[in-house]
Amino acid sequence: MRKVLVVDDEKLIVKGLKFSLEQDDMEVDTAFDGEEALEKIRANSYDIVLLDIMLPKYSGLEVCQMAREFSDVPIIMLTAKGEDMDKILGLEYGADDYITKPFNILEVKARIKAILRRNSKNDASVEEDTHVIEKKGLKIESDSRRVFVNGHELNLTAKEFDMVLLLVSNPNKVYSRDDLLKEIWGASYPGDARTVDVHVRRLREKIETHPADPEYIHTKWGVGYYFQA
């Protein structure tokens, strides 16, 4: 049974999401403010977190940022605001996806299932593939899902790890944003391809000494991204 944490200060939304997700045989935990959410993420092992941006005590963005210091649990941000900046900020702070309110519960379920399916495939591939990749000071341990640059371990989210592993495993192969969206988020993922750009930028900030002049993750203008061997 998948375990989900739903975080929102609007109790009717929490009640509706909890009821609907439980109909899909998910175990649903709830929190109504940022402090409670962070405590529950620390204390439990969730498969996914639905996290509202506008929360008391800590905002959803603050919770996401702090959670990323110790957890790579997939996080979907829920935002009542339609501005692109709020969506992008959610991704910049370590979220895996976002959904704008008011939302259709079927869309929420589709996003959740797409992420869970992808993570299940990753877990299976990790069991089969325990090798270590080392290129130009970059070391990737597939079994432990750890990444090091010049001996320094990086704190990557699940999606960031999946992306760097895919690119480094296929040096000089250019992936379009749609290719990466399909490979990392899954073919049925209904989200925006710009999600890829945000994740690439965030990944570069972590693995590159000079993100504006990258050594590892390069851009093929008008085409996509690739790892330069």
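Residues numbered from 1 in each chain as written. Predicted model: local features only at pLDDT ≥ 70, side-chain atom pairs only at ≥ 80, totals over all residues. Heavy atoms only, no water.

**Considerations on the nonpolar core**
Looking at soluble globular proteins, one finds that nonpolar side chains tend to be buried together.
For step 1, the next point in the chain: Formed by 28 residues in total, the largest nonpolar core has its most connected members in Leu138, Val147, Met163, Val164, Val196, Ile207 and Ile217.
For step 2, the next point in the chain: For this core, the secondary structure elements donating two or more residues are strand S7 (138–141), strand S8 (146–149), helix H6 (158–169), helix H7 (177–185), helix H8 (194–207) and strand S11 (224–227).
For step 3, the next point in the chain: Setting aside chain neighbours within four positions, we find isoleucine 207 in contact with Val149, Leu154, Val164, Tyr216 and Ile217.
For step 4, the next point in the chain: Core analysis: the second largest hydrophobic core is formed by 22 residues, Leu38, Tyr46, Ile53 and Ala67 among them. (Core = buried A, V, L, I, M, F, W, Y, C linked by side-chain atoms within 4.5 Å. Buried < 20%, exposed > 50% of the residue type's maximum accessible area, 1.4 Å probe, protein only. Helix = DSSP H or I, 4+ residues; strand = E, 2+ residues; numbered from the N terminus. Contact = heavy atoms within 4.5 Å.)

**Describing the confidence of the model for the chain**
For step 1, the next point in the chain: Residues of the chain with pLDDT of at least 70 account for 90%, and the chain-wide mean is 85.
For step 2, the next point in the chain: Contacts from residues 124–130, a stretch scored under 50 in pLDDT, to residues over four places away or in other chains number six contacts. (pLDDT = per-residue confidence, 0-100.)

**Section: the packing of aromatic side chains**
For step 1, the next point in the chain: For the coordinates displayed, the defined rule picks out one aromatic pair.
For step 2, the next point in the chain: Arranged with centres 6.2 Å apart and planes meeting at 5 degrees, the rings of tyrosine 216 and phenylalanine 227 form a pair that is stacked. Linking tyrosine 216 in the loop between H8 and strand S10 (217–220) with phenylalanine 227 in strand S11, this pair joins segments that are eleven residues apart in sequence.
For step 3, the next point in the chain: On the accessibility criterion, tyrosine 216 (2% relative accessible area) is buried.
For step 4, the next point in the chain: Phenylalanine 227 sits in the buried class, given a relative accessible area of 0%.
For step 5, the next point in the chain: Between lysine 11 and the ring centre of phenylalanine 32, over which it is positioned, the NZ or CZ distance is 5.6 Å. (Phe/Tyr/Trp six-rings, centres within 6.5 Å; stacked < 30°, edge-to-face > 60°. Lys NZ or Arg CZ within 6 Å of the ring centre and 35° of its normal.)

**Considering the sheet that holds strand S6 (residues 132–135)**
For step 1, the next point in the chain: The four strands lie next to each other as S6-S7-S8-S9, forming an open sheet whose pairing is antiparallel. In this open sheet, the two strands that pair with only one neighbour each are S6 and strand S9 (152–154). The sheet shows a mean angle of 20 degrees between the axes of neighbouring strands, direction not considered.
For step 2, the next point in the chain: When S6 meets S7, the two strands line up antiparallel, connected through four bridges. Within S7, the residue paired with isoleucine 133 across the bridge is isoleucine 140.
For step 3, the next point in the chain: The strands touched by H6 are S6, S7 and S8; relative to S7, the strand with the most contacts, the crossing angle is about 115 degrees. (Pairing = 2+ DSSP bridges. Axes fitted to C-alpha atoms, helices over the stretch in contact; angles between N-to-C directions.)

**Focus: the packing of H6 against H8**
For step 1, the next point in the chain: H8 packs onto H6 with a crossing angle of 85 degrees between their chain directions and a minimal axis gap of 10 Å. The angle between the axes of H6 and H8 places the two elements in the roughly perpendicular class. For the pair H6 and H8, the contacting residues are Lys159, Glu160, Met163 and Val164 in the first and Val196, His199, Val200, Arg202, Leu203, Lys206 and Ile207 in the second.
For step 2, the next point in the chain: For the contact of H6 with H8, the per-class residue count stands at six nonpolar, one polar and four charged. (Parallel < 35°, antiparallel > 145°, perpendicular 65-115°, else oblique. Nonpolar A, V, L, I, M, F, W, Y, C, P; charged D, E, K, R; others polar.)

**Concerning the pairing of strand S3 (residues 48–52)**
A regular strand places its side chains so that they alternate between the two faces of the sheet.
For step 1, the next point in the chain: For S3, a buried count of five out of five residues is recorded, marking the element as mostly surrounded by other parts of the structure.
For step 2, the next point in the chain: Every second residue of S3 is oriented toward a common face, with Ile48, Leu50 and Asp52 on one face and Val49 and Leu51 on the other, all of them buried.
For step 3, the next point in the chain: With four bridges joining them, strand S1 (residues 3–7) and S3 adopt parallel strand pairing. Paired with valine 6 across the bridge in S3 is leucine 50.
For step 4, the next point in the chain: The pairing of S3 with strand S4 (residues 75–79) spans four bridges and is classified as parallel. Note on S4: the bridge partner recorded for leucine 50 is isoleucine 76.

**Re the pattern of salt bridges**
For step 1, the next point in the chain: In this structure the tally under the stated criterion is 21 salt bridges.
For step 2, the next point in the chain: Aspartate 8 is the partner of lysine 101 in a salt bridge, and the nearest nitrogen-oxygen pair spans 2.6 Å. Residue lysine 101 is found in the loop between strand S5 (97–100) and helix H5 (105–128), and its partner aspartate 8 is found in the loop between S1 and helix H1 (11–22); the two are separated by 93 residues along the sequence.
For step 3, the next point in the chain: With a relative accessible area of 11%, lysine 101 lands in the buried category.
For step 4, the next point in the chain: The class of aspartate 8 is buried, set by a relative accessible area of 0%.
For step 5, the next point in the chain: The shortest N-O distance in the salt bridge between glutamate 153 and arginine 146 comes to 2.9 Å.
For step 6, the next point in the chain: A relative accessible area of 33% means that arginine 146 is categorised as partly exposed. (Salt bridge = Lys/Arg side-chain N within 4 Å of Asp/Glu carboxyl O.)

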